[in-house]
Amino acid sequence: MTIGETIFASGGRPLSGEINISGSKNACLPLMLLPMLTDEECVFDNVPLLADVSTLRRLLSYLGGDIKIEEKRGARQGYTMHLRFTKLVSDEADYSLVSKMRASFWVISALVSRLGTAKVAMPGGCNLGQRPIDYILDSIKALGGKVRKHQGYVLVSTENGLKGNKIVFKKASVGATHCAIIAAVLAQGITEIHNAACEPEVTAVAQCLVAMGAQISGIGTKNLIIKGVKKLHGVRFSVPPDRIETGSYAILFAATGVRVCLHNAEAQHLDTPLRKLEEAGVDIEVEGNTIKIERDIAKSLRAVDIKTEVYPGFPTDLQAQFMTLMGLAQGRSTIHETIYENRFMHVPELLRFGAEIQTIDQNTAIVDGVNNYVGAQVKATDLRASKSLIIAALVAKGHSRIHDIYHLDRGFEDLEKKLTQCGAIIRREGGVDSLQDSDDLQINKRNASLL
């Protein structure tokens, strides 16, 4: 990973080819926490090497994890990661390790589950408005954890471990559901989780835990029943394909044309956004784990309204990308964001390309389609918005430069390589090497001294 890089793109070219979808970032991160619940080795296949994965890897190494990554071999999708926590060397995750990514905070449930105590710094991540951790902490409290906040940290303790109970979420939350499941699988007794998130990433975590010996029923529904077990064992599990990467490329090629085959994809996880693309005039064909996207660029796109919702509704993580597409559609579309209150930060950047977008309030935007975008210099504001700017740059006439692209490295693996193979003119420029490898080395030395 490098600092201060920009992406240069020359747009206006029809693109076609084939893209292999990487493993899901949003599934890989919580899956990486599960080895903390056992002293046996866990092996994960189809792992994407992303900045967020590296960030969590450093935190887990700090806590005592022995982590090894195998290089890709042959036609294998993704990397293989081996994780083992023979023992946890600390119950504390400090600010320097947690502040960069919100999902790092989720270690709190695994720490409490295995050690009975935890001290974790308040989380960081994309600036998408309020993303309270109260649901996570409420679930831990329901299982008997004593929670208090002190000087930017959350401290949790238990008396003789966690105990099963009923957890009812006022609003479905993916992160809170992950944490509640992780906390409950080793708790004494039975835990009921109501209004749980149903996203495929939550299902993957539950399925992996079952493979490790957990007892969970209701997987894939809003109501989960977990019977605590005394011990979990190791597992080998494959990270599912990234549905947000899949949807992002589907939208990108709908904007640029002409045809792309997205391999290692699961169309059933993208039913709503794929239907919206078809409404807009995009041809979609599904054959097994391949999604074929085709669009005649001689024909105009049709304006389509969307409203972001929890799964299986339209994903908030595809809202910025779809707004970029609608900026090129014939007519007026309405984009209604219901998940986060600060997820229109990409709008000013799209206006630089010539888009016609009015934000009515922090939740609603009106998009009037234009004939084309024009190359511009823009700045990425968050992870998913950064992909919307890539879409705009590749469809725009002329050259574009995108700054602050470190967001892209958090969620999209081999972006330039995949697009270049499809005929795009896109490359990185500038930047200096980060100290990530040096940080990893220091963490490994610390673990060696503690074991």
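See the structure shown above.
First, a word on scope: everything that follows refers to the structure included in this document.

**Considerations on the packing of aromatic side chains**
One pass over the full model with this rule turns up 3 aromatic pairs. Relative to Phe169, the ring of Tyr135 lies with its centre 6.1 Å away and its plane at 35°, an arrangement referred to as tilted. Taken as a pair, Tyr135 in helix α5 (residues 134-142) and Phe169 in the loop between β11 (166-168) and α6 (174-184) lie far apart in primary sequence, 34 residues in all. Both rings, one in Phe314 and one in Phe322, keep their centres 5.4 Å apart while their planes meet at 70°; by these two values the pair is edge-to-face. Grouping residues by exposure puts Phe314 and Phe322 together as buried. One cation-aromatic arrangement involves Lys119 over Tyr153; the distance from NZ or CZ to the ring centre is 5.0 Å. In this structure, Lys387 is placed above the aromatic ring of Tyr249, and the distance from its NZ or CZ to the ring centre is 3.6 Å.

**Considering the sheet that holds strand β15 (residues 235-238)**
Here we have 4 strands laid out as an open sheet, ordered β5-β6-β4-β15, and mixed in their pairing. The open sheet terminates on both sides in strands that have one partner only, identified here as β5 (66-70) and β15. Taken pair by pair, the neighbouring strands of this sheet meet at an average axis angle of 15°, ignoring direction. Alignment of strand β4 (residues 42-47) against strand β6 (residues 79-84), held across 4 bridges, turns out to be antiparallel. Counterpart to Val43 in the pairing with β6 is His82. Across the face of the sheet, helix α2 (residues 51-62) comes into contact with β4, β5 and β6 while running at roughly 145° to β5.

**Describing the packing of helix α8 (residues 243-256) against helix α12 (residues 383-395)**
At their nearest, the axes of α8 and α12 sit 9 Å apart, and the two run at 20° to each other. The angle between α8 and α12 falls in the class roughly parallel. Note that α8 runs across α12; the crossing there is right-handed. Mapping the contact onto sequence places Ile244, Ser248, Tyr249, Ile251, Leu252, Ala255 and Thr256 in α8 and Arg384, Lys387, Ile390, Ile391, Leu394 and Val395 in α12. Of the residues assigned to the contact of α8 with α12, the class counts are 9 nonpolar, 2 polar and 2 charged.

**Focus: the nonpolar core**
Counting 79 residues, the largest nonpolar core has Met36, Leu60, Val107, Ile108 and Leu209 as the members making the most contacts within it. Here this core takes 7 residues from α6, the largest share from any one element. Beyond its immediate chain neighbours, meaning those up to four positions away, Leu60 contacts Met32, Leu33, Met36, Gly65, Ile67, Leu83, Phe85 and Val107. The next biggest cluster of nonpolar side chains, apart from the first, holds 68 residues, and it includes Leu301, Val347, Leu383 and Leu394.

**Quick notes on the side chain of Ser22**
Here Ser22 shows up in the loop between β3 (15-20) and α1 (25-31). Judged by its relative accessible area of 9%, Ser22 is buried. A polar side-chain atom of Ser22 sits 2.7 Å from a polar atom in the side chain of Glu413. Not counting residues up to four positions away in its chain, the partners in contact with Ser22 are Asn46, Pro48, Pro240, Pro241, Asp242, Glu245, Glu413 and Lys418.

**Some points on the pairing of β15**
Regular strands place their side chains on alternate faces of the sheet. Covered by surrounding structure in β15 are Val235 and Phe237 only, the residues Arg236 and Ser238 on the alternate face being uncovered. Of the strand pairs in this sheet, β4 and β15 are connected by 4 bridges, and their pairing is parallel. Within β15, the residue paired with Phe44 across the bridge is Phe237.

**Side note on the sheet that holds strand β25 (residues 425-429)**
Strand order across the open sheet formed by 4 strands is β23-β24-β2-β25, with mixed pairing between neighbours. Among the strands making up the open sheet, the edge pair consists of β23 (377-379) and β25. Sheet twist, expressed as the mean angle between neighbouring strand axes with direction ignored, is 20°. As defined by bridge partners, strand β2 (residues 6-10) adjoins strand β24 (residues 399-403) across 4 bridges and the pair is classed as antiparallel. Note that in β24 the partner of Ile7 across the bridge is Ile402.

**What about empty space enclosed by the protein?**
Applying the stated criterion across every chain yields a total of 3 cavities of 30 Å³ or more. Considered as a void within the structure, the largest cavity measures approximately 40 Å³ in volume. In terms of lining residues, the largest cavity is bounded by Ile181, Ala197, Cys198, Glu199, Val202, Thr203, Ala206, Ile219, Gly220, Thr221 and Leu224. At 3 residues, the largest contribution of residues to the lining of the largest cavity is made by helix α7 (residues 200-211).

Rules and cut-offs
Residues numbered from 1 in each chain as written. Predicted model: local features only at pLDDT ≥ 70, side-chain atom pairs only at ≥ 80, totals over all residues. Heavy atoms only, no water. Phe/Tyr/Trp six-rings, centres within 6.5 Å; stacked < 30°, edge-to-face > 60°. Helix = DSSP H or I, 4+ residues; strand = E, 2+ residues; numbered from the N terminus. Buried < 20%, exposed > 50% of the residue type's maximum accessible area, 1.4 Å probe, protein only. Lys NZ or Arg CZ within 6 Å of the ring centre and 35° of its normal. Pairing = 2+ DSSP bridges. Axes fitted to C-alpha atoms, helices over the stretch in contact; angles between N-to-C directions. Contact = heavy atoms within 4.5 Å. Parallel < 35°, antiparallel > 145°, perpendicular 65-115°, else oblique. Left-handed = near helix turned anticlockwise from the far one by under 90°. Nonpolar A, V, L, I, M, F, W, Y, C, P; charged D, E, K, R; others polar. Core = buried A, V, L, I, M, F, W, Y, C linked by side-chain atoms within 4.5 Å. Polar contact = N/O pair within 3.5 Å; in protein donor to acceptor, adjacent residues only side chain to side chain. 1 Å grid on protein atoms, 1.4 Å probe; cavity = no way out; pocket = protein on both sides within 12 Å on 5 of 7 lines; lining within 4 Å. Points joined across faces, edges and corners; volume = space filled by probe spheres on them.

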